[in-house]
Amino acid sequence: MSIQPWITCLQSGILIRHLETHYPEQASKVDLQRVMGAAESFHEIQDARAFLTDTSNWIPHSVFRELVKNCELATGQKDFTYQAALAYYETVKTQSPTLIETIAILLNDVESVFRSVGDWASAYTNYLQLQSFVCPDEAQTLHILSRYLPPVDPGLGNMNLVQGNIEGIAKLDPSVETAACEEAYSQMRLETLVNEFGDAYAITTKNDRITVTRRSTGELVLAGRAITLVPELVPVKEDRTPVPQPRDDQLIARIEPQNRLAVWTVGDTIRAPKDLSSNPESLCTAIRIERGGTLTAGSLSTTIKTGAIYSAPYTHYCLRWTNRPPLANNAAAAAGHSQLLTDRRAFAHRLFAHLKNLQATHRHMLTMFLRNVELAQENIQLKQELSAQQETGGIIGKSAPLQDLLSLIRTIAPSDTTVLVTGETGTGKELAARLIHQLSRRKDRRFVAVNCGALPETLLESELFGHEKGSFTGAIAQKKGKFELAEGGTLFLDEIGDISPAVQVKLLRVLQEREFQRVGGTSDLKANIRLIAATNRDLLAMMEQNQFRQDLFYRLNVIQLYVPALRERPEDIAELTQHFVQRFAEKIGKSIAGLTPDALQLCLAYKWPGNIRELENVMERAVTLAPEGRKWITPDLLPNNLRATTESAPSLDLAELVDRVDWSALLKTLETRGSLTGLLNYLEWTITRRAVAEYGGNKSRAAKILGRTYRWLRKLESEMTEPKSPSNTLDTRK
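Now for a description of the structure that goes with this document.

## Focus on the packing of aromatic side chains
A full pass over the atoms with the stated rule returns eleven aromatic pairs. Residues Tyr 127 and Tyr 148 carry aromatic rings whose centres are separated by 6.0 Å and whose planes lie at 25° to one another, so their mutual orientation is stacked. Within this pair, whereas Tyr 127 is found in the loop between helix H9 (117–124) and strand E3 (128–133), its partner Tyr 148 is found in strand E4 (residues 141–148), the two being separated by 21 residues in sequence. What makes Tyr 127 buried here is its relative accessible area of 2%. Relative to Phe 584, the ring of Phe 580 lies with its centre 6.5 Å away and its plane at 25°, an arrangement referred to as stacked. With Phe 580 and Phe 584 both in helix H22 (residues 573–588) and four residues apart, this pair spans about one turn of that helix. Both residues of the pair, Phe 580 and Phe 584, count as buried. Through pairs of rings, three or more aromatic residues link up here, namely Phe 465, Phe 483 and Phe 516.

## Observations regarding the sheet that holds strand E5 (residues 176–185)
The strands that make up a sheet pair up through hydrogen bonds in the backbone, lying either parallel or antiparallel. An order of E3-E4-E15-E5 is seen for the four strands of this open sheet, with the pairing classed as antiparallel. The two strands at the open ends of the sheet, each matched to only one other strand, are E3 and E5. Direction aside, the axes of adjacent strands within the sheet are offset by 25° on average. Direction of pairing for E4 relative to strand E15 (residues 315–323): antiparallel, over a ladder of six bridges. Bridged to Thr 141 within E15 is Arg 320. Helix H10 (residues 156–170) contacts E3, E4, E5 and E15 of the sheet and is inclined by roughly 150° relative to E5.

## A short note on the environment of Gln 582
Positionally, Gln 582 belongs in helix H22. Sequence spacing of Gln 582 and Gly 594 is twelve residues, and the spatial spacing of their C-alpha atoms is 7.3 Å.

## Remarks on the sheet that holds strand E23 (residues 530–535)
As summarised here, the arrangement of the five strands in space is E17-E20-E23-E16-E24, forming an open sheet in which the pairing is parallel. The open sheet has two edge strands, strand E17 (447–451) and strand E24 (559–562), and neither has a second partner. Averaged over all pairs of adjacent strands, the angle between strand axes in this sheet comes to 20°, irrespective of strand direction. One ladder, built from four bridges, connects strand E16 (residues 419–422) with E23; its direction is parallel. In the strand pairing of E23, Val 421 is matched with Ala 534.

## Brief notes about the pairing of strand E11 (residues 284–291)
By the bridge criterion, seven bridges tie strand E8 (residues 220–235) to E11 in an arrangement that is antiparallel. Note that in E11 the partner of Ile 227 across the bridge is Ala 286. Here E11 pairs with strand E14 (residues 309–310) via two bridges, running antiparallel. Across the sheet, the residue bridging to Arg 288 is Ile 309, located in E14.

## Some words on a nonpolar patch on the surface
On the surface, Leu 676, Leu 680, Leu 683 and Ile 687 cluster together into a nonpolar patch covering about 380 Å² of accessible area. Secondary-structure assignment places Leu 683 in helix H28 (residues 676–694).

## As for the packing of helix H1 (residues 9–22) against helix H6 (residues 80–92)
Where H1 contacts H6, the two axes come as close as 9 Å, and the packing angle between them is 90°. The angle between H1 and H6 falls in the class roughly perpendicular. The residues of H6 that touch H1, namely those facing Leu 10, Ile 14, Leu 15, His 18, Leu 19 and His 22, are Phe 80, Thr 81, Gln 83, Ala 84, Ala 85, Ala 87 and Tyr 88. When its residues are assigned to classes, the contact of H1 with H6 shows nine nonpolar, four polar and no charged.

## Some remarks on the nonpolar core
Most often, soluble globular proteins have nonpolar side chains that are buried together. One finds Leu 15, Ile 59, Phe 114, Ile 166, Leu 193, Leu 295 and Leu 319 to be the most contacted residues of the largest nonpolar core, which totals 73 residues. A total of seven residues in this core trace back to one element, the largest contributor, which is H10. If we ignore the near neighbours within four places in the chain, the residues touching Leu 295 are Leu 193, Val 194, Phe 197, Tyr 201, Val 212, Val 221, Leu 222, Leu 300, Ser 301, Thr 302 and Ile 304. Counting 31 residues, the second largest nonpolar core, distinct from the first, contains Phe 483, Leu 507, Leu 508 and Leu 556.

## Observations regarding the pattern of salt bridges
Enumeration according to the criterion identifies 30 salt bridges in this entry. With a shortest N-O distance of 1.9 Å, Glu 461 and Lys 506 are connected by a salt bridge. Pair noted here: Glu 461 is in helix H17 (residues 457–465) and Lys 506 is in helix H19 (residues 501–513), with a separation of 45 residues, a long-range link. By relative accessible area, which is 38% here, Lys 506 ends up partly exposed. A salt bridge links Asp 636 to Arg 630, with the shortest nitrogen-to-oxygen separation between them at 3.5 Å. A relative accessible area of 28% means that Arg 630 is categorised as partly exposed. Residues participating in the shared-partner salt-bridge network are Arg 34, Glu 468, Glu 484, Glu 487 and Arg 518.

## Regarding unusual backbone geometry
In this chain, Pro 150 is followed by Pro 151 through a cis amide linkage whose omega measures 15°. Looking at the secondary structure, you find Pro 151 in the loop between E4 and H10. For Gln 140, which is not glycine, the phi dihedral falls at a positive 50°. The residue Glu 495 is not glycine, and still its phi comes out positive at about 55°. With respect to the helices, strands and loops of the structure, Glu 495 is situated in the loop between strand E20 (490–494) and H19. Using a relative accessible area of 15% as the deciding quantity, one classes Glu 495 as buried.

## Examining the pairing of strand E7 (residues 209–214)
Here six bridges tie strand E6 (residues 201–206) to E7, and the two strands are oriented antiparallel to one another. The residue bridging Ile 203 from the neighbouring strand is Val 212, located in E7. Connecting the antiparallel pair E6 and E7 is a turn made up of two residues, with Asn 207 showing a positive phi of about 60°. Here five bridges tie E7 to E8, and the two strands are oriented antiparallel to one another. Paired with Ile 210 across the bridge in E8 is Gly 224. With antiparallel pairing between neighbouring strands as the criterion, E7 and E8 make up a hairpin whose turn holds five residues, including Gly 218 at a positive phi of roughly 80°.

## Overview of the state of the cysteines
Applying the stated criterion to the full structure yields zero disulfides. Here Cys 318 stays free of any disulfide, with the sulfur of Cys 181 as its closest cysteine sulfur at 7.9 Å. Overall, Cys 318 belongs to the buried group, its relative accessible area being 8%.

Criteria and cut-off values
Residues numbered from 1 in each chain as written. Predicted model: local features only at pLDDT ≥ 70, side-chain atom pairs only at ≥ 80, totals over all residues. Heavy atoms only, no water. Phe/Tyr/Trp six-rings, centres within 6.5 Å; stacked < 30°, edge-to-face > 60°. Helix = DSSP H or I, 4+ residues; strand = E, 2+ residues; numbered from the N terminus. Buried < 20%, exposed > 50% of the residue type's maximum accessible area, 1.4 Å probe, protein only. Pairing = 2+ DSSP bridges. Axes fitted to C-alpha atoms, helices over the stretch in contact; angles between N-to-C directions. Contact = heavy atoms within 4.5 Å. Patch = residues over 30% accessible without salt bridge, like charges linked within 9 Å, V, L, I, M, F, W, Y side chains within 5 Å. Areas by Shrake-Rupley, 256 points an atom, 1.4 Å probe, with all protein chains shown as cover. Salt bridge = Lys/Arg side-chain N within 4 Å of Asp/Glu carboxyl O. Parallel < 35°, antiparallel > 145°, perpendicular 65-115°, else oblique. Nonpolar A, V, L, I, M, F, W, Y, C, P; charged D, E, K, R; others polar. Core = buried A, V, L, I, M, F, W, Y, C linked by side-chain atoms within 4.5 Å. Disulfide = S-S within 2.5 Å.

Okay, here's the thing in structure tokens:
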């Protein structure tokens, strides 16, 4: 059985308040907003602390696991959850308890309190099962079985929290002087425990022996062996017989005739049997530690004792307690009860107040449920409406260059490979980046875009990496950078060619190490993002002029995606103009069908140096200026530069083109160039110069179109622009 695991914020509140009370300095360093981001959509909650400390709220287990991890790292205490639980129940004795704690105090008996331990589990989580029993020959001893349901893989923090809750609740009984909860064996997997200390340790399994060694030195830290657990029939008190629940799977151990429970215990044989298929329920395997040791990672450490047992089907706790001396019991009981509980009317009022809060919580959850149903329906509708755009991301056109672009995007999108998007201004580089994100595995997380050319160096660094409070003048509070905001998603850096050398160095470190620091910070933060960069500049030329780092270029240029200019895809102009006209006409409230043939012909003849962005602006202008009642966009509504467009020369065969040139002009050129070879070199240079101009000064792109290399083009440029030929200069417009 697998469920969506949730836990009440009563437990997260216990951890946060203990952190703030006993570790105030460290508490300020725990980013609760980032903790909430461990679950989808929870990062949108504005006040994370208020939500996590409200006992009527619930959070996914992934958020709680992240909170435990952050608290342990901040305090350097691996048993933080255990200490937090004990501290919480000490405050309960003097402050207003919750409903469950009120019931525990009212019952005023450890055995009676833990009779309902299964109900506690369902009140705190939807993934934890608890069951208790008492053996008739054991005084002041109680057994508790605990099982986490999949997909929850319990960690040390989970186990310590349950242990602390058991001891803390037992001490709510004023007659109890001491209480200690110990594990007979644990459900936690040894691999899970070792993995909590990062990559410092390696686990090796050979036959039935398990060893844990330190990677750096090969030193043996822990050694264990697979053992067999077999069911043992344990006699239980008659009045402690587990009450059957509505669902059988709420019980961990089954009741047998004559008031006995079948509980797992260590079998006679140490080695696990090789074949369990004959009777899989008659025994199971676990791991017993034969050589204990200590696991460490920074300030965190935990000691694993020899004899400890891990990877069992569930955890078996044994709670033992001692009572206060008989003469002191009455006084202690009187001192332990608050004034609230000595007044029965006030006590009843408290129970009714809890009931009202519970009803309010149910109403709130019902409202959220109904709203979620509405949102789900709206989501289905929107998905249907956007299904046509999901394949193209809003990129319009059917031309061959565009189809090649879309095909390449679909190929690279599923990976996390860094992409460099190149192309002229206004071609739609950001649309291409968004489509990559939309078709990737990160599509459910954020797409964060940064225009690097719009910010000065100091602001850009803070914008990308964030800053700590007081790191510079005006930094009045901690700020998250775009790398943090894009956690798990895609970060798009537009105009990457405009960043300064200092920022280039820091960006290179992020790409290499996948780590960064906030401005003014000292701790490393992980960068779990996919990076897409874009530029309209010629980075190869910038590298040659020492304006762009070579190592950064090759880190960015894993896959280069060229977005064609509009003049390279004239077949798409008609469809684009129709799209923009309809969009702006609908926005303004006009009934315009499209462009007249003459107006469309002008658009087809124009070179569109501003590309799609210019086309969009021209169509918006035309729709805005169109008189009321006009159905078509006519040439007079287009800008003067479009109407002045001259027809391009007709396409000619090269031989025909040469035949049209006056022979005397050819002879003069031959005389000037010295030979036919010189004339051909000059023709080659002229075509190359035209290609560079056509591609906005991007020499790399021009060389590729000509079937040459960038180095070849630079060499040709150097030869043809020497002082002897001052007129032959290369147009390097950007």
